[in-house]
Amino acid sequence: MRSTIALLTDFGWRDPYVGSMKAVIAARSEARIVDLGHDIDAGDVFGGAVFLAAVAPYFGRSTVVVAVVDPGVGTDRPIIVGEVGSALFLAPDNGLLTLLPIQSLRRVESSSLFLPEGSNTFHGRDRFAPVAAALAEGAPLESVGPLAEEMVRLPYSEPSYQEERAVGSVIAIDRFGNAVTDLEARRLRLDRTVKARVKNSTVDRIATNYQQLPSGPFLIVGSRGTIEISASGKSAAELLQIARFDRVELVWS
Amino acid sequence: MRSTIALLTDFGWRDPYVGSMKAVIAARSEARIVDLGHDIDAGDVFGGAVFLAAVAPYFGRSTVVVAVVDPGVGTDRPIIVGEVGSALFLAPDNGLLTLLPIQSLRRVESSSLFLPEGSNTFHGRDRFAPVAAALAEGAPLESVGPLAEEMVRLPYSEPSYQEERAVGSVIAIDRFGNAVTDLEARRLRLDRTVKARVKNSTVDRIATNYQQLPSGPFLIVGSRGTIEISASGKSAAELLQIARFDRVELVWS
Amino acid sequence: MRSTIALLTDFGWRDPYVGSMKAVIAARSEARIVDLGHDIDAGDVFGGAVFLAAVAPYFGRSTVVVAVVDPGVGTDRPIIVGEVGSALFLAPDNGLLTLLPIQSLRRVESSSLFLPEGSNTFHGRDRFAPVAAALAEGAPLESVGPLAEEMVRLPYSEPSYQEERAVGSVIAIDRFGNAVTDLEARRLRLDRTVKARVKNSTVDRIATNYQQLPSGPFLIVGSRGTIEISASGKSAAELLQIARFDRVELVWS
């Protein structure tokens, strides 16, 4: 038995979509149901992928993560399930799992696991939820469908790391206005003077906590182990007009 | 024992109201606690009723659903509990259960189940939560109070269906901008050319998924089994200036 | 074993922070995980303190409440755990527990309980979550660290109560626009004519429910047992331009 079902969607909390998924799960499984979040922007598959990459390393016991950001619902896009450590990630095959270190992948095709007479417009309730419940209740992974070799991947360029220069991009702006990049601190020499260039600004101070440098923007190693551009008590993203996907260049001199 | 308590309120997440209800429930019951949503507009009883109607069919095991959209708290409006399938719906008697197929109905009057010295302004915490916990822990339904014959119903006109014409209304605008109507697809002939008139617009295309018709609005059978007016990747409600309660007329020619 | 872990943060639901904490907890504990809320304004420690004071009286069984509003993360501010009734409150030592009747207090210093190689910027995931899970799984309270005598307290003046006059302040504006004060009803003579002065307005009517006085603002005893300034179906705070921390004076004549 997988003891936890964790939900990530772009359904928001106002509409009955999240509640409907939970009703189906509760009817079919004793698993603990936890909300990862439902406020991914509508249809923002990349935002969902970045979110999943942040939480995936921390699921240590058997868990089924159900991720539904699914503008293609009802088309012939498959549903897939990927194994990462001891967790399973159930998602539409639209790139949502792009940033995860998938160990094995299956297509979910066993329609006997779906709700009978399900809709064409809400697979979260009619397919994802009952499949997650079945897996949580001990259905063997093979029972959902055949192994898959490929899945859809979002176009995403890994950062490049050179001796005197590294180039990455902003992958998220968080609630606090931190501009989170994909530049991994362990691959950078942060003991030497470094300049970050983003948009028309240069940031050349490094902090070890958010209160150390009270005024102006600074670089900090964030909770993903990557460089963030931050400011104490205010939004660095607003301050420097940084948006997601902006290019960030680190230069050592 | 009822294993799940599911919460729907208009309390939002910023204030301590939802947390207070959960504290009371957690203190008195081992039940799984799940959030259906807390972002019903403040005092929007009809919005709550429409939400409940969407999730109600999916609670298959014993569940206590607690619905608190309760502008009349502290007046003499009763609290009621309605049975739908194997779930119980606990709510103020203000129309919140209007759209549910209630099988049996009771008034919740056993004040020994309430928190002692409860407030007059927060029955969610002081009455609904402890009653839900008691029911989840196995208190017999009869113990909450006497059978009731009637409950308050919101003024709501069922759609009308004729050979060449059907008339219903928009019951919700969802996060994606879909205008959800109450016109049930199984009562409509969707194989023939149909025109929907809403506000000053006419929509005459039918899609089977949200990406099929990339530009402009279309009709689609949504997750409630009813007609929705939608648009691919944008808000049909904004596009056509549709609001809740707008009349929708389907005409076959 | 403590059966419930309850979370209060200022992380919002959009970012992966809440989900990361839950992943860590789910990996290490069977406890029921409940959300108190994650929409405390970013860095608003007083708002968090007021929230905790509202829910604290209602946790009756063993619960670990994890409160993370933590702008000083990564500085040398300690983490503390306070006992209130049968619940534990885990929080940064920054004033978040100011309004709770703490019975015993410890500093959380046993780094063996933290995630190995944790970040400097996200103690919610790397320290609070695993410590909460350990406590929920039965780790003795002494194992987290030594007894502490003091904790940081926010500057906050208790209301003053005199024969003909009481002075307090607005501690929260809730979703419904109620201006919640800290003036405790049980210390006031509400059977006599009373006038409340706040900003440039005077409110002299008392209601026992939110619908009793349809037009204009009134006083009511709210769910904390304190005076609220409210208005039926609209926001009293907007109507009277009341903000948090505004002074409220009650005068009997």
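Up top is the structure these notes are about.
First, a word on scope: everything that follows refers to the structure included in this document. (Residues numbered from 1 in each chain as written. Chains lettered and ligands numbered in written order. Predicted model: local features only at pLDDT ≥ 70, side-chain atom pairs only at ≥ 80, totals over all residues. Heavy atoms only, no water.)

**Structural notes on the sheet that holds strand 1 (residues 4-9) of chain A**
All names here are of chain A.
Alright, step 1. The strand order across the open sheet built from six strands is 2-1-3-5-4-6, with neighbouring strands paired in mixed fashion. Both edges of this open sheet fall to strand 2 (32-37) and strand 6 (104-107), since each of them pairs with a single strand only. Within this sheet the neighbouring strands show an average axis-to-axis angle of 20°, counted without direction.
Alright, step 2. As defined by bridge partners, strand 4 (residues 79-84) adjoins strand 5 (residues 87-92) across six bridges and the pair is classed as antiparallel. Residue pairing for strand 5: I79 is matched across the bridge by P92.
Alright, step 3. Sitting on the sheet, helix 3 (residues 123-136) is in contact with strand 1, strand 3 (63-68), strand 4 and strand 5, with an inclination near 170° to strand 3. (Pairing = 2+ DSSP bridges. Helix = DSSP H or I, 4+ residues; strand = E, 2+ residues; numbered from the N terminus. Axes fitted to C-alpha atoms, helices over the stretch in contact; angles between N-to-C directions. Contact = heavy atoms within 4.5 Å.)

**A word on the relation of the copies chain C and chain B**
The operation relating the pair of chain copies consists of a rotation about an axis and a translation along that axis.
Alright, step 1. Expressed as a screw transformation, the operator carrying chain C onto chain B has a rotation angle of 120° and an axial translation of 0.0 Å, and the superposed copies differ by an RMSD of 0.0 Å. Accordingly, the operation relating the two chain copies is best matched by a three-fold axis. No C-alpha of chain C lies nearer the rotation axis than that of R32 of chain C, which sits 4.1 Å from it.
Alright, step 2. Interface overlap between copies: only 14% of the residues of chain C at the interface are likewise at the interface in chain B, consistent with a contact formed by different surfaces. (Least-squares fit on C-alpha atoms with pLDDT ≥ 70 in both.)

**Some remarks on the environment of I25 of chain A**
Residue and element names in this part refer to chain A.
Alright, step 1. Mapped onto the elements of the fold, I25 is located in helix 1 (residues 17-28).
Alright, step 2. Judged by its relative accessible area of 0%, I25 falls in the buried class.
Alright, step 3. C-alpha of I25 to C-alpha of W13: the two residues are 12 residues apart in sequence and 17 Å apart in space.
Alright, step 4. Every residue in contact with I25, bar those within four places of it in the chain, is listed here: I5, L7, I33, A129 and A133. (Buried < 20%, exposed > 50% of the residue type's maximum accessible area, 1.4 Å probe, protein only.)

**Examining the environment of I206 of chain B**
All names here are of chain B.
Alright, step 1. Along the chain, the position of I206 falls in the loop between strand 11 (201-203) and strand 12 (217-221).
Alright, step 2. The class of I206 is partly exposed, set by a relative accessible area of 33%.
Alright, step 3. Distance in space between the C-alpha atoms of I206 and E150 is 40 Å, their sequence separation being 56 residues.
Alright, step 4. Apart from the residues lying within four places of it in its own chain, the contact partners of I206 are L190, V194, L213 and L219.

**Re the packing of helix 1 (residues 17-28) of chain B against helix 3 (residues 123-136) of chain B**
A pair of packed helices can be characterised by two numbers: the angle between their axes and the separation between those axes.
All names here are of chain B.
Alright, step 1. Where helix 1 contacts helix 3, the two axes come as close as 9 Å, and the packing angle between them is 35°. Helix 1 and helix 3 meet at a crossing whose hand is right-handed. From helix 1, S20, M21, V24, I25 and R28 reach across to helix 3, where they touch G124, R125, A129, P130 and A133.
Alright, step 2. Of the residues assigned to the contact of helix 1 with helix 3, the class counts are six nonpolar, two polar and two charged. (Left-handed = near helix turned anticlockwise from the far one by under 90°. Nonpolar A, V, L, I, M, F, W, Y, C, P; charged D, E, K, R; others polar.)

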